[in-house]
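Geometric and topological summary
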Amino acid sequence: KAHFEAPNWSRDGRSLLFNQGGRIYVLPLDSRTPRLLDTGGATRCNNDHGLSPDGAWLAISHASEGRSLIYVVAAAGGEPRLVTPNGPSYWHGWSPDGRTLAYCARRNDEYDVYTIPAAGGEETRLTVAPGLDDGPDYGPDGRIWFNSVRTGVMKIWRMDADGRDQTQMTRTEEYADWFPHPSPDGRQVVFLSYDRSVEGHPANKDVVLRLMPAGGGEPRVIARVFGGQGTINVPSWSPDSRRFAFVSYRLLTPGAGGR
């Protein structure tokens, strides 16, 4: 049995992309037979990857010389182009216009949310709170959702595209919340929750998937699964906002990969 992670729905709704063993695979939903995507020299991909809004490009996070860097490759496959020369950097979101990437990066021993032009250029730091800020994903309105431990427990936050108006969106004390993903229609946000006693976002844990209104409100549990790391790290909504993809598994052999 193989360990795979982080399904990402294609823009035409016909396939999923996922990572396994450092490679990216395409899974057509009709045949359900995965095929390897050509990512050139990027053969150590982690589970932080996703398609551009127009479906033409795929952002990937590839561990070059032991540190994750972000690249962009044609969705049909090809040689990747480096976007973030500084690492480690972990991709998490495309802006609605496809021009900007949002990601988590460690700089000076601090993990924060950054953005950078998809074409390459200077990165912009959006969060400065002590502790981990991670998992940024854009809503269709251009605002960025992310998770932050700044209150002492990991919670979901939202901010403007330039980093202003950082607002806490979840508050339930029993959970530590990770990886928020707004639906394409902008109405809902799905995210992963651990018991608050769990440090980080490890694999092999009992977790829940929760759904909340994008405007704010009480989240509700929609699934209880065994997973965690790789379950729903990346944007995974279907184009019609009616479904989302995630991974649940059972331990058969020791060990699991990913960030």
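Summary of the structure given here. (Residues numbered from 1 in each chain as written. Predicted model: local features only at pLDDT ≥ 70, side-chain atom pairs only at ≥ 80, totals over all residues. Heavy atoms only, no water.)

Description of the sheet that holds strand β4 (residues 35-36)
Operational definition: DSSP-based pairing: two strands are paired if at least 2 bridges between them are found. Only DSSP runs of H or I with at least four residues qualify as helices, and only runs of E with at least two residues qualify as strands; both kinds are numbered from the N terminus onward.
With antiparallel pairing, four strands are arranged side by side in an open sheet as β1-β2-β3-β4. The open sheet terminates on both sides in strands that have one partner only, identified here as β1 (5-9) and β4.

A word on the sheet that holds strand β14 (residues 144-148)
Pairing within the open sheet is antiparallel, and its four strands lie in the order β13-β14-β15-β16. Two strands bound the open sheet, and with one partner strand each, they are β13 (133-138) and β16 (167-168).

With respect to the side chain of S52
Condition: Only protein chains enter the accessibility calculation, which uses a 1.4 Å probe. A residue is then buried if its area is under 20% of the maximum for its type, exposed if over 50%, and partly exposed in between. We define a polar contact as two N or O atoms separated by no more than 3.5 Å, with the added condition that, inside protein, one atom must be a possible hydrogen donor and the other a possible acceptor, whereas residues neighbouring each other in sequence contribute only through side-chain atom pairs. Any two residues having at least one pair of non-hydrogen atoms within 4.5 Å are treated as being in contact.
In this structure, S52 sits in the loop between β5 (50-51) and β6 (57-64). Note on S52: relative accessible area 2%, which makes it buried. Polar contacts involving the side chain of S52 include one to the main-chain amide nitrogen of A56, which spans 3.3 Å. Discounting chain neighbours no more than four positions away, the residues touching S52 are R11, W57 and W94.

Comments concerning the nonpolar core
Our working definition: To form a nonpolar core, buried Ala, Val, Leu, Ile, Met, Phe, Trp, Tyr and Cys residues must be joined to one another through side-chain atoms within 4.5 Å.
Membership of the largest hydrophobic core comes to 17 residues, with the highest contact counts inside it found for L192 and Y194. Secondary-structure elements contributing two or more residues to this core are β17 (175-182), β18 (188-195), β19 (205-213) and β20 (220-227). Here L192 is in contact with A176, D177, W178, F179, V207, V208, L209, G228, T231 and I232, once residues within four sequence places are set aside.

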